[in-house]
Every structure is written in C-alpha cells, then in structure tokens.
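Observations on the three-dimensional arrangement
Chain by chain, the residues run as shown.
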Amino acid sequence: MTFLQKIFLTLCFTVLLPLTVSAQTYPNYQSLYVNDFADIIGAQSEKRIEAMLRDAKRDRDLEVTVVTINRRSDYGSSSSIATFATGLFNSWGVGNPDRNDGILILVSKEDREMRIALGSGYPARYDDRAKNVIDNYFLPYFRDGRYSSGIEAGTKETLKRLVLDYGPDNRPTLKSRIKNETTHISENARNGGLWAWILGALGLGGGGVGFKMFRRWQRFRPRICDTCGRKMRRLAETDEDAYLAQGEIVEEAIKSKDYDVWYCAYDERTRVEGYPKWFTGYATCPSCNYYTLHSKRRTLVAATTSSTGRAEVTYDCKNCDHHKVETVTIPKVSKSSSSSGGSSGGFSGGSSSGGGASGSW
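Residues numbered from 1 in each chain as written. Predicted model: local features only at pLDDT ≥ 70, side-chain atom pairs only at ≥ 80, totals over all residues. Heavy atoms only, no water.

Side note on the packing of helix H4 (residues 125-142) against helix H5 (residues 147-161)
Closest axis-to-axis distance for the H4/H5 pair is 8 Å, and the angle between their directions is 155°. By the criterion of interaxial angle, the relationship of H4 to H5 is roughly antiparallel. Handedness of the crossing formed by H4 with H5: right-handed. Together, Tyr126, Arg129, Asn132, Val133, Tyr137, Phe138, Tyr141 and Phe142 of H4 and Tyr147, Ser149, Gly150, Ile151, Ala153, Gly154, Thr155, Glu157, Thr158 and Arg161 of H5 make up the contact between the two elements. Counted by class, the contact of H4 with H5 contains 9 nonpolar, 6 polar and 3 charged residues. (Axes fitted to C-alpha atoms, helices over the stretch in contact; angles between N-to-C directions. Helix = DSSP H or I, 4+ residues; strand = E, 2+ residues; numbered from the N terminus. Parallel < 35°, antiparallel > 145°, perpendicular 65-115°, else oblique. Left-handed = near helix turned anticlockwise from the far one by under 90°. Contact = heavy atoms within 4.5 Å. Nonpolar A, V, L, I, M, F, W, Y, C, P; charged D, E, K, R; others polar.)

Written out as structure tokens, the structure reads:
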C-alpha cells in the first residue's frame, strides 16, 4: 500500500466514523409506565410508580412514562438532554394525539442529567412548573445517590403539579384585524408578584377559592393611566379588537389566550394585558411566537411486535404560514407493552414541541 493510499484511507476513516457513531437511535419501550433501562429503581418503588401511572391512565386518560438510561451516547449523538428527550417522546408517541398532554420523565444516570418532556399541548408557563418539580423533588435525592426515592417522589409531584384537564375544543371564526397603537403588559407584571407569593404561603394558592378570587380581583381592578394618572376603562369584547394585533385576535378566536384592553378617554392611551388559558391544545409558534401552533399525528404504518412503524406529524400555525411535516419512527411493540394497557397496545400517538425542563446534579 502506497503512502498516498494510506493517507486516503485514514481520511475516509476519520470522516465516515463520526457519521456512523452519531446516528441517533432510541430504545424500544418495554412498558407504557416504567422503563428502567439503567436499573436504578428498586422493585417496590417501581411497583408504586407504575400504580400511580396506571391510575392516571385509567382515571384521566393521561399517559405519563418514566425512563432511565445509563447515558445518551449509548443511543448515538444528541446535542442535549432536551433534544434526546423530545426525540424519544415523539418516537414513542406519548400522550393523546388530539390533546398532546403526554409527559415523559427521563433520567440519564451517567450523564447526571434529567428532563421532564411535555406534550405540545402544555402552555409555556408549565416549563417553569416542571423546573420547580425537578429542582425540589428529583435533584435533592439524586445528589445523595437515592435515585429510586427521587424518581418516586418526583413522579408523584409531577402528577400533582403538571397535569392538564382539558375542556371542549371550541374554534370560533376568526375576527377581523384592525391596527392601533397599544401598550402590552407582560404576564409577569400582571401575576400579582408579592401578593401571589403571600397567598401561596397562606395556603390559598393553586386551585383554592381564595386564590381564584384574588386572581379575578387582580385582573379586573381599575388600571391607572401612566400619562394622566386617571382611572382607565376596560373595553367590552366587541370594542377591544381594534386595539389587538392579528396574532392576539387569533389567540382569542382559538381560545388559547384571552386579552383585556384598558382605555383612557382623556389622552386616548391604551393598555393590553394577555392571559394564557389554563387548558389549551396549542403551543408557541416558532415563527410568530403566538400560542397558535397546532400539531396532528397520523399513523402511516402501525408498529407490530416484529417491525417498527411510521407516523406523520404535521405542525400548522393558525396565525402565520408556518407549516412543518415530519416523519417519526414508531418503535416495535413489545409483548410486555401490549399487555400493559393503551387503546392499541402502545402509546396513543402524542407529540412534543420541545417543552419541559431539565436539571443536572
């Protein structure tokens, strides 16, 4: 072999090897509830976790699955735990495909990372809730090497804090667009800040009556004009569209978000305040950043115990022209998963747009 031939082979090896190593794969699930590939969950904890998740599936038609792996590199290359978890979520199709309310809890032991991946039906504010659950219920146990206890405690808290209960999906006709100068108030500014924290400390948070009364008062209390200092008037629904942007009008029409418009008659100043809906099947569009992205999954080839399947996931924005279609692999249905529940022996076909939170220890 000549010197040039050796150089050529070396270059080929250098270029082609990363391509083969970096191919992304995902494990096939053995259960709809707990897939402890890293073998870090004790037998009794696993039984209790599975019982919790079975109850959620039976009573609320909610698909939540717990997955542990040794390291991400065992399945090829991925840029982050978030990317891997989203890909795994969509590969398995966790959650109801119409509501996209599935949850995947992933723990990578050797990477010392974890992720709560949420279906695309969850509003963006649930990312913060997921982060809170990770920081306060998973990681304290993981830092002490108590993986089994941490996963059990964290899963229980996930079911308590992150579950959505969807109402009817109403989609009225879109309203017409009229431009006007407005001042938009961020969600953080209207959340009540210190008062919300105080009420939570007093036990009036969450779905409590006291918290609901406070939120109603906070939303409808009179606003003061920044220019003249006079009280502003809250416009009726029939009048407020003249002060909303097109994306905001669409959000109201599909009921992913609601808006109030406050008007000062003395200097014609306006304020627009937005309120995301608690229960919505829409996600944030990556193009226009409104809560107007809808996804739909269609099975092309059903998976069996001997072969993988394929599904088509379509993303469409109700506000802009954003449109994306991707094909995902449906893993083989194992014999154990076919007896675990689910309408077709596996997950229902939900998808994730990347929502959720990560943590490391």
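After that view of the structure, there is still more to cover.
Some thoughts on the sheet that holds strand S4 (residues 113-118)
One open sheet accounts for 5 strands, arranged S1-S2-S3-S4-S12; its pairing is mixed. In this open sheet, the two strands that pair with only one neighbour each are strand S1 (34-36) and strand S12 (356-360). Neighbour-to-neighbour, the strand axes of the sheet open up by a mean angle of 10°, direction not taken into account. As paired strands, S1 and strand S2 (residues 64-69) are joined by 3 bridges and run parallel to one another. Each residue of the ladder has a partner; that of Asp36, found in S2, is Thr68. (Pairing = 2+ DSSP bridges.)

A look at H5
For H5, built from 15 residues, the straight-helix expectation of 21 Å at 1.5 Å per residue is met to within 8% by its first-to-last C-alpha distance of 21 Å. Along H5, the residues classified as buried are Tyr147, Ser148, Gly150, Ile151, Glu152, Gly154, Thr155, Glu157, Thr158 and Leu159. Looking at the buried residues of H5, the elements they touch are helix H2 (43-60), S2, strand S3 (103-108), S4 and H4. (Expected span 1.5 Å × (residues − 1). Buried < 20%, exposed > 50% of the residue type's maximum accessible area, 1.4 Å probe, protein only.)

Considering the packing of aromatic side chains
For the coordinates displayed, the defined rule picks out 11 aromatic pairs. Residues Tyr75 and Phe84 carry aromatic rings whose centres are separated by 5.9 Å and whose planes lie at 45° to one another, so their mutual orientation is tilted. Classification of Phe84 as buried rests on a relative accessible area of 0%. Arranged with centres 5.8 Å apart and planes meeting at 10°, the rings of Trp92 and Phe347 form a pair that is stacked. Taken together, the positions of Trp92 in helix H3 (residues 81-92) and Phe347 in the loop between helix H11 (335-338) and S12 put the pair 255 residues apart, joining distant regions of the chain. The exposure classification of Trp92 matches that of Phe347, with both residues buried. Members of the aromatic cluster, joined through ring pairs, are Phe138, Phe142, Tyr147 and Trp361. The ring of Tyr275 is capped by Arg219, whose NZ or CZ atom sits 4.3 Å from the centre of that ring. The ring centre of Tyr266 lies 4.1 Å from the NZ or CZ of Arg230, which sits over that ring. (Phe/Tyr/Trp six-rings, centres within 6.5 Å; stacked < 30°, edge-to-face > 60°. Lys NZ or Arg CZ within 6 Å of the ring centre and 35° of its normal.)

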